[in-house]
Amino acid sequence: MIITGRVWKFGNDVDTDLIIPARYLNTTDPLELASHCMEDADKSFAGRVQPGDIIVAGRNFGCGSSREHAPVAIKNAGVACVIAGSFARIFYRNAVNIGLPILECEAAAAALQSGDTAEIDLTAGSVKNLTSPGTYQAIPFPSFMQQIIEAGGLINYVKQRLA
Amino acid sequence: MGMTITEKILADHADRGRVAPGELVNCRLDLVLANDITAPMAVQEFRKLGLKKVYDPGRVVLVMDHFTPNKDIKSAEQCLTVREFAREFGIVNYFDVGAMGIEHCLLPEQGLVLPGDCMIGADSHTCTYGALGAFATGVGSTDLAAGMALGECWFKVPESMKFVFHGQLRPWVGGKDLILYTIGRIGVEGARYRAMEFTGEAIGALSVEGRLTMCNMAVEAGAKNGIVPPDEKTHAYVAGRARRPYQAFAGDPDAAYIAVHEYEAGQIEPQVAFPHLPENSRPVSEAAGIAIDQVVIGSCTNGRLEDLRIAAGILEGRKASNKLRLIVIPGTQEIYLQAMREGLLETFVEAGAAVSTPTCGPCLGGHMGILAHGEKALATTNRNFVGRMGSPESEVYLAGPAVAAASAITGFITHPEEVVKQ
Ligand code: SF4
């Protein structure tokens, strides 16, 4: 699967309160969550992000709470992929479980800048900067998680197990 | 090569003789937990499976603690979703207003989580229960839904880091100070994906409450779990509470650790973490004089009886500064009742505090004490992220109950001995 999109760059330790502040957690409506995505980090983000855009961030992306509302907000805001230097562990699990593509790649996270256009080959785990040329290789998913992703997320995977 | 306590619990629950860090294992779950924020999404996902029952109605725990008593219509609707689910699926351990407490205060108190358990909770501070010698970790709602269905969850066996606290604690130093100090040394991702094991003379001397506080904040260093090997204190705490038999585990003497950090407890002052990360911890002396607008004593980190006793001991016969609001939130109904019997609540109210029914409330900027722009709070909670307690332009400082109570009296961040010696 190939994703081509515009980059939105954030820093290190982007926590779940920045991704979706707790004041909006009184709903599970994906589109309402999406309308507040990244609000406390960049107020204009939710209004300007386009389907297919890519979030790029530094280390420890998604640290903080276990709220699945965070990857849900990002996914439903139209973001096609998150690339970060590293991810907090619960966010990582949650993203896989709900089918939000994420890639851990320090070099790409450092090189890509806001406004760049990037091309991502999810299967190969490669990231190409089309604006100021450079190609980067991400850590691929462990095979165990590939199975969950191939099943279309954890719920489908469990359905198969129970069938 | 031996195994750490974390590895032993995972091996046992995966029906394996041994496991090694990095391996993916599928484990039986002794308990699954969700709250009023994460359960609605978990219920939604669980219903997609079309199942007629959860794996064990006695082992699913649902606690309505974040936005309760319902702060608005939407929160009420969310609780309703969970309440209906609990009825339909015969969930035994459903805790609503009047019975509920902050989940991580409630579960140990009620004897629902026990030494040697392997459990998940759709709340990042599920790592709290490691203080009893359990493997407990936070997950999201979808993992929780799968856990409710199968009674299983996959884990990557974490590498273990050992933290040894030698010597004796100084006065006014407790579990909160030790963990803030530790996170200050290793950083907010210093233990990412790893187990944090706490040992040493000073940990042995800590109460179970103090250990719960420490393990609670393991996630603030990025850890998968925190753990304290069970000792007599653990077993004494669990005795009379446990609702089922349990098997405690101990690590092997030749277990492998990816890192060992040794600290002299006697060198550690009460700590304060500056905005906006828990790793910004410094000795309270370096924070002295910072004026604050609100003090919050409560949360799953420091809302237990011992915390309230420490705070009341300082506030007794004194008044909170009229420049700030002091909010005290006992962690559970039982803590509330006991604090009432001991006269602690009276001390708080006489000192000018607002005392609330148990709730997460202001800890996550939910309700019961939201900050305006430009305001500063000192809280015994666990996160001081941007906007955590309200306006994105407000600030939160983290500390233990002694510093919080002392600061409430003076109106600025204060070492407890400054107030008590007066
Ligand atoms: S008290 Fe705060 S940290 Fe603890 S469970 Fe509630 S919101 Fe989360």
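In the block above lies the structure referred to throughout.
This section reports on the structure supplied with the text. (Residues numbered from 1 in each chain as written. Chains lettered and ligands numbered in written order. Predicted model: local features only at pLDDT ≥ 70, side-chain atom pairs only at ≥ 80, totals over all residues. Heavy atoms only, no water.)

**A closer look at the pattern of salt bridges**
- Applying the stated criterion across every chain, the model contains 24 salt bridges over all chains.
- Two residues, glutamate 39 of chain A and arginine 23 of chain A, come together in a salt bridge whose shortest N-O distance is 3.5 Å. Remark: arginine 23 of chain A occurs in the loop between α1 (16–19) and α2 (30–34) and glutamate 39 of chain A occurs in the loop between α2 and α3 (45–48); sequence separation between them is 16 residues.
- Among the salt bridges present, the one from arginine 211 of chain B reaches aspartate 231 of chain B, with a minimum N-O distance of 2.8 Å. Of this pair, arginine 211 of chain B sits in helix α8 (residues 208–216) while aspartate 231 of chain B sits in the loop between β10 (225–227) and α9 (232–238), placing them 20 residues apart in sequence.
- In this structure arginine 211 of chain B comes out as buried when scored by relative accessible area, which is 1%.
- A network of salt bridges, in which partner residues are shared, links Asp17 and Arg67 of chain A together with Arg388 of chain B. (Salt bridge = Lys/Arg side-chain N within 4 Å of Asp/Glu carboxyl O. Helix = DSSP H or I, 4+ residues; strand = E, 2+ residues; numbered from the N terminus. Buried < 20%, exposed > 50% of the residue type's maximum accessible area, 1.4 Å probe, protein only.)

**Focus: empty space enclosed by the protein**
- Scanning the model with the defined rule gives 2 cavities of 30 Å³ or more in all.
- Surrounding the largest cavity, 23 residues form its lining, His66, Asp123, His125, Leu364 and Arg388 of chain B being those nearest its centre.
- Contributing elements (two or more residues each) for the lining of the largest cavity: α4 (103–109) and α10 (299–302) of chain B.
- Each residue belonging to the lining of the largest cavity can be placed in one class, and the counts come to 8 nonpolar, 10 polar and 5 charged.
- If you add up the space inside the second largest cavity, you get close to 130 Å³.
- In this structure, the second largest cavity is lined by 14 residues; those nearest its centre are Cys63, Gly64 and Ala88 of chain A together with Val219 and Gly222 of chain B. (1 Å grid on protein atoms, 1.4 Å probe; cavity = no way out; pocket = protein on both sides within 12 Å on 5 of 7 lines; lining within 4 Å. Points joined across faces, edges and corners; volume = space filled by probe spheres on them. Nonpolar A, V, L, I, M, F, W, Y, C, P; charged D, E, K, R; others polar.)

**Things to note about the environment of isoleucine 183 of chain B**
Residue and element names in this part refer to chain B.
- Mapped onto the elements, isoleucine 183 comes out in helix α6 (residues 175–186).
- When its relative accessible area of 0% is taken as the criterion, isoleucine 183 is described as buried.
- Remark: the alpha-carbon pair of isoleucine 183 and alanine 218, spanning 35 residues in sequence, is separated by 8.3 Å.
- Non-local contacts of isoleucine 183, meaning those with residues more than four positions away in its chain, are made with Val188, Met217, Glu220, Ala221, Pro278 and Glu279. (Contact = heavy atoms within 4.5 Å.)

**Concerning the sheet that holds strand β4 (residues 102–104) of chain A**
Residue and element names in this part refer to chain A.
- Spatially, 7 strands are ordered β4-β3-β2-β1-β5-β6-β7 in an open sheet, and the strand pairing comes out mixed. Two strands in the sheet have a free side with no partner beyond their single neighbour: β4 and β7 (134–137). Neighbour-to-neighbour, the strand axes of this sheet turn through a mean angle of 25°, independent of strand direction.
- When strand β1 (residues 2–9) meets strand β5 (residues 117–121), the two strands line up antiparallel, connected through 5 bridges. (Pairing = 2+ DSSP bridges. Axes fitted to C-alpha atoms, helices over the stretch in contact; angles between N-to-C directions.)

**A closer look at the side chain of lysine 224 of chain B**
- With respect to the helices and strands, the residue lysine 224 of chain B is situated in the loop between α8 and β10.
- In this structure, lysine 224 of chain B is buried with no salt-bridge partner, the nearest side chain bearing the opposite charge being aspartate 143 of chain B at 10.0 Å.
- A polar contact of 2.5 Å, which involves the side chain of lysine 224 of chain B, links it to the backbone oxygen of lysine 156 of chain B.
- Residues within four places of lysine 224 of chain B in sequence aside, it is in contact with Arg89 of chain A together with Cys127, Phe135, Ala136, Thr137, Phe155, Lys156, Pro158, Ala191, Tyr193 and Arg194 of chain B. (Lys, Arg positive; Asp, Glu negative; His and termini not counted. Polar contact = N/O pair within 3.5 Å; in protein donor to acceptor, adjacent residues only side chain to side chain.)

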